[in-house]
Amino acid sequence: MEFLGTTQTASYCGPRRACGVSALPPAVPAPVIQECYQPYYLPGYRYLNSWRPGLFCKVSNAQTCPDEGITCRSPLRPPTMLPVLRSALVCRYSPRDWDQSNQLQLGGAEASRLWAGRLTGDSTRLMQDKDQLTRQMQEGTCRNLGQRLWDIGFWKSELSYELERLLNENHSMETAKKRLECAAQELNCPLKVALECLYHREKRIGIDLVHDNVEKNLIREVDLLKCCQDQMRKLAQRIEIQMRDNRDAQHALERDLEDKSSAQFIDEKCFNLRNTSDCISFFHGIEKVDGTISVPETWAKFSDDNIRHSQDMRANSIRLREEAENLFETLSDQMWKQFTNTNLAFNARVAEVTDVRNKLQTQLAKTLQEIFQAENTIMLLERSIMAKECPLKVAQTRLQCRTWRPNVELCRDIPQFKLVNEVFTIDDTLQTLKLRLQETQDTLQLLVMTKCRLEHELAIKANTLCIDKEKCMGMRKTFPCTPRLAGYT
């Protein structure tokens, strides 16, 4: 009988070798199993349970002979020595068992091969499907990033357009504010002129210190100019407050635009990343980190709210600028009308004073003429009185001489009667002339007083005319033009 692993010369015929075992191994020994599959962990996924196949490669431990250092035969291999007892041959397998074992081995190998082929095909299809899915997801991510970049670009353009319009509006508001300040400053000159006119008119004398239409118009002009300055300054303060609100809206737009530029740069960098890029790397657990603070709806609403707030600020600014323009137009018209009314009142007052002065001068000339005539009359009356003294002396001397007539010669004759009558007549004439002289002198004194009053009134009127015509009207020859009143300097 020939055994597996032996030659024609039976090895059991020789001396027996010690193999290091005291007894034969069992018929079906339990081999020591080692796992030949080493699990492979994907980078970045070491925290996950690695996949292991269901089929393990089991390898039996080989035993070595201690004395020769060679590998011992497998426990499943029959010994090469011939059993001592013949009865031991009964434990061998039959050919049928051998055929069945071979058939089982062939069937198992075929099944393993078919299963491995199916597994290979399934793995290939799985890899293709997963590759296609990964590629599609990456393409979808690129499309989403492209759409996101388009959205960012759209909102950037909207924010840039609104920011540009807001900056232009801020410049216009700054110009309107400067115009208001310049116009308010420009009104200081006509206000000073009006006040100077009032101060000069306080220097009028006597009855000319009257609250006339000129003074009323000057007071109205001063009040109007002060009111215009107050309105312009208040509107300038409102514009300053609105400009602060505009700067807040501008800051919000610039900050939003800067954030979107940063986000656009980052998304463009992400959009340009490819599988062959050098800057890609693993970031473990990054997918579990959620640092987002908005969703697309709130993200778009944030920029839309900023734009709407800026639009509201621009609308308020436009209303303020329109109000400023209307205020410029209204106040300029009112100031020009009041300035014209005051000048007309000045002209009318100057004409009235000039007319009164001319009349006073006429009366003064007539008074001077009357004074001259009165002086001539007084002189003539004095001469006439002096001329009557000699006839009176003659008549009285005659009467005195006739009183020296003796005795009966003292006759009341006609000459005596005529002399007496002459004396009485001359004396009455003298009294009449003296009374007329006194009246004429009184009239002369009255005329002189009238002359003084007329001269004083003429001096008053001359002073008034000098104040109104020379000083006041001299200062009021010019008034700020409409562009200067509108703040254009």
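The model shown is predicted, which means the values in this text are computed figures rather than measured ones.

A. Representation of the overall build of the chain within the structure. A tally of regular secondary structure across the chain gives 6 helices and 0 strands. The helix and strand sequence of the chain, counted from the amino end, reads α-α-α-α-α-α. Buried residues in the chain amount to 26% of all 489 residues. Just so you have it, the chain exposes about 34500 Å², and 57% of that area is on carbon and sulfur atoms.

B. Region of the structure containing unusual backbone geometry. Positive phi, close to 45 degrees, is recorded for Asn407, a residue that is not glycine. Relative to the assigned elements, Asn407 resides in the loop between helix H4 (296–402) and helix H5 (414–475).

C. Representation of the packing of aromatic side chains within the structure. Counting across every chain of the model gives 3 aromatic pairs. With a centroid separation of 5.8 Å and 5 degrees between ring planes, the pair formed by Trp150 and Phe154 is classed as stacked. Placement of the pair is Trp150 and Phe154 together in helix H1 (residues 95–186), with a separation of 4 residues, close to one helical turn. Assessed through its relative accessible area of 56%, Trp150 is described here as exposed. Note on Trp336 and Phe339: the rings are 6.0 Å apart at their centroids and 90 degrees apart in plane angle, and the pair reads as edge-to-face.

D. Fine view of the packing of H1 against helix H3 (residues 213–271). Direction vectors running N to C along H1 and H3 enclose 160 degrees, while the axes themselves pass 8 Å from each other. Here H1 lies roughly antiparallel to H3, going by the angle between them. The crossing of H1 and H3 is left-handed.

E. Broad picture of the nonpolar core. Counting residues in hydrophobic clusters, the biggest one holds 37 residues, and the most contacted among them are Leu180, Met232, Ile239 and Met335. Looking at this core, the elements with two or more residues in it are H1, helix H2 (188–201), H3, H4 and H5. The element best represented in this core is H3, accounting for 11 residues. Ignoring anything within four residues of it in the chain, the contact list for Met232 reads Leu180, Ala183, Ala184, Leu187, Leu327, Phe328, Leu331 and Leu485.

F. The arrangement of the environment of Thr478 in detail. Tracing the backbone shows Thr478 in the loop between H5 and helix H6 (482–485). Assessed through its relative accessible area of 64%, Thr478 is described here as exposed. Expressed as a C-alpha distance, the spacing of Thr478 and Pro190, which sit 288 residues apart in the sequence, is 8.9 Å.

G. Spatial organisation of the pattern of salt bridges. This model, assessed by the stated rule, comprises 27 salt bridges. Its salt-bridge partner being Glu221, residue Arg476 comes within 2.9 Å of it at the nearest N-O pair. Of this pair, Arg476 sits in the loop between H5 and H6 while Glu221 sits in helix H3, and the two are 255 residues apart along the sequence. Taken as a pair, Arg476 and Glu221 share a single burial class, namely buried.

H. Seen up close, the UniProt feature "coiled-coil region" (unreviewed entry) in the chain. Under the feature "coiled-coil region" (unreviewed entry), the UniProt entry names residues 156–183 and 350–377. Helix makes up 100% of residues 156–183 and strand 0%, whereas the separation of the span's terminal C-alpha atoms amounts to 40 Å. Helix makes up 100% of residues 350–377 and strand makes up 0%, while its end C-alpha atoms are separated by 39 Å.

I. Spotlight on the environment of Glu389. Among the structural elements, Glu389 can be located in helix H4. In sequence terms Glu389 and Ile426 are 37 residues apart; their C-alpha atoms lie 8.3 Å from each other.

Thresholds, definitions, all that
- Residues numbered from 1 in each chain as written.
- Predicted model: local features only at pLDDT ≥ 70, side-chain atom pairs only at ≥ 80, totals over all residues.
- Heavy atoms only, no water.
- Helix = DSSP H or I, 4+ residues; strand = E, 2+ residues; numbered from the N terminus.
- Buried < 20%, exposed > 50% of the residue type's maximum accessible area, 1.4 Å probe, protein only.
- Areas by Shrake-Rupley, 256 points an atom, 1.4 Å probe, with all protein chains shown as cover.
- Phe/Tyr/Trp six-rings, centres within 6.5 Å; stacked < 30°, edge-to-face > 60°.
- Axes fitted to C-alpha atoms, helices over the stretch in contact; angles between N-to-C directions.
- Parallel < 35°, antiparallel > 145°, perpendicular 65-115°, else oblique.
- Left-handed = near helix turned anticlockwise from the far one by under 90°.
- Core = buried A, V, L, I, M, F, W, Y, C linked by side-chain atoms within 4.5 Å.
- Contact = heavy atoms within 4.5 Å.
- Salt bridge = Lys/Arg side-chain N within 4 Å of Asp/Glu carboxyl O.
- UniProt positions renumbered as here; feature names shortened; annotations may be inferred.

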